[in-house]
Amino acid sequence: MNDWTNGYVSDIEYLPGFYVEQTPAHMDVACLLRGIEPPVEEGAPFAYCELGCGVGETALTIAAANPQSSVWGFDFNPAHIARGRALADAGGVGNIRLEEASFEDLADGGYAGLPMFDYIALHGVWSWVSTENRGHIVRFAARYLKPGGLLYVTYNALPRWTSSMPMQRLVSLTASLDNDRSDRRVLRGLDMARAFSAAGADMISIDMLDRLDTERADGTAYLSHEYLNAHWAPCYQIDVARDLAEAKLSFAATANLFENYPDLSMTAEQRSLVEGFPEVYAETARDFFLVRSFRRDIYMRGARPIAPRRLEQRLAARGLCLVVPPSEIKLAVKVPVGEAALNESFYRPALDALVARPMTIGELRSLPEADGSSATEREVLGMLIGSRQAMALPNAVTEEGVASVRRYNRAHLRICADEARAVCALAAAGLGSGITVRLFEMLAYEVLVDGAEPEADAVTTAIHALLQERGDRLRNGGVPIEDDAQALRVIRENVEMIIAVALPMWRRVGAI
């Protein structure tokens, strides 16, 4: 029998998820931080492709939030594509194509009608597929990525993964002893690894096993896909760069924005050592200091530096929107070397101004009450987006764009409710991306879109009725709340904050 999986776990589906780092809006910000031209002008239509798209949640969010753009997603698992297509149909997302195809077929031009892409993204693929399939990915990029286009790739990074490699091999070997379902086999493998550690196998990382207990509690689909693929292989950055160079791709930036600032990611002594290496080796040298076992890298097919004056103008014109409640604004932010303190004379009034409305970086630096000379445009962009307090607003919020995301978000939330998910992403037309929301926000969005008045009593009553209709109950410490009066109090406490803070932000970013 032909093994179409090529050693990849396929008996259980990959977990759905939205990853903001692989959206064009986020990749463009990373390019600007490095002084490199993004593939397209801000707000212009683009062609985007995700290889190994899973059930397509990120690709669908991008498509819904950018209705004038063209989005493609490919996965070799037909169950993934069937789920993604069902959501696209239910959400009325007409600018996406989700297709079942192997990397080899795509690289050989076996799928007719593909455009040249401005962006190609692959998340959770590179470290988990065979050397042959990595070669197919490179050939696909060489064939279909435009000059000046970006490729986003994530992978398990060495040397940080080194201490956990013996554990993965033992888990994989144990799981290979029977033909049971992958999620059950991976648990037996993890139990065996813990038993080996207890018996004195000190090369088995007990710290890693302890961290994985959280994943066991949340479900085992992730664990199976992470540890049981036959070609699992963490990589040094230099080796990934050499492979991608075959497609004329060169490293442009990391999607973890703070890592693009040497002084935020390394000590002075570490920077001095890294600077002694040729530029092509610098990223790999940094990995010996940074605590990162997972890299999110952006490569470009022909980087074009932006002239300093033009870059300053582009950054000043970049719009930002606050995406955290005012109560969660922080001037002390976590960075790779520990904590950085944002300059209060500029960032306090700037963040206060963003509470009221989105503003460009130029407007923020021109505020009479803010010391604009204390923060450059590049710093403002990186600090506010890197700390996840703000997001870029590349698109105008139009009626068409909001209608697109409303249809998609409503359909997506229905599916999330059926699957008992407590976290998902709302597509937002102004962001060209998505924002993460949790259970009460998900419920509030549903009833608001269905016509509830944006007022606390009305939304509370509508959410309670929706939960009753579905036969769902809120929980307190894992125990269902049976008393309706108590459930209504809990709902109302959350709804008041949503009406006051989340709803205005959703409107500003074009999510509702």
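A short tour of the structure in this document, coming up. (Residues numbered from 1 in each chain as written. Predicted model: local features only at pLDDT ≥ 70, side-chain atom pairs only at ≥ 80, totals over all residues. Heavy atoms only, no water.)

### Re the packing of aromatic side chains
All told, the structure shown has 13 aromatic pairs when counted by the stated rule. Centroid distance Tyr236 to Phe288: 6.4 Å. Interplanar angle 20°. Geometry classified as stacked. Placement of Tyr236 in the loop between α9 (221–227) and α10 (237–244) and of Phe288 in the loop between α13 (279–286) and β7 (294–300) is noted, with a sequence separation of 52 residues between them. Through a chain of ring-to-ring contacts, the aromatic side chains of Trp72, Phe74 and Tyr111 assemble into a single cluster. (Phe/Tyr/Trp six-rings, centres within 6.5 Å; stacked < 30°, edge-to-face > 60°. Helix = DSSP H or I, 4+ residues; strand = E, 2+ residues; numbered from the N terminus.)

### Considerations on the pattern of salt bridges
Going through the model one piece at a time under the given rule, you end up with 33 salt bridges. With its nearest N and O atoms 3.0 Å apart, the salt bridge here joins Arg421 to Glu57. On the criterion of sequence distance, the pair formed by Arg421 in the loop between α18 (399–418) and β13 (423–428) and Glu57 in helix α2 (residues 57–65) is long-range, its members being 364 residues apart. Glu57 sits in the buried class, given a relative accessible area of 4%. Where Glu363 meets Arg357, a salt bridge forms, and the shortest distance between an N and an O atom there is 3.8 Å. (Salt bridge = Lys/Arg side-chain N within 4 Å of Asp/Glu carboxyl O. Buried < 20%, exposed > 50% of the residue type's maximum accessible area, 1.4 Å probe, protein only.)

### What to know about the environment of Leu290
Counting through the fold element by element, Leu290 comes out in the loop between α13 and β7. Note on Leu290: relative accessible area 3%, which makes it buried. Ignoring anything within four residues of it in the chain, the contact list for Leu290 reads Arg160, Glu259, Ser265 and Met266. (Contact = heavy atoms within 4.5 Å.)

### Let's talk about the sheet that holds strand β6 (residues 250–254)
Pairing in this open sheet of seven strands is mixed, and the strands run β3-β2-β1-β4-β5-β7-β6 from one edge to the other. Each edge of the open sheet carries a strand with a single partner, namely β3 (96–100) and β6. If you compare each strand with its neighbour and ignore which way they point, the axes differ by 20° on average. Strand direction decides the pairing type here: strand β1 (residues 47–51) and strand β4 (residues 117–122), joined by three bridges, are parallel. Note on β4: the bridge partner recorded for Glu50 is Ala121. Across the sheet, helix α1 (residues 24–33) touches β1, β4, β5 (145–156), β6 and β7, and the angle it forms with β5 is around 100°. (Pairing = 2+ DSSP bridges. Axes fitted to C-alpha atoms, helices over the stretch in contact; angles between N-to-C directions.)

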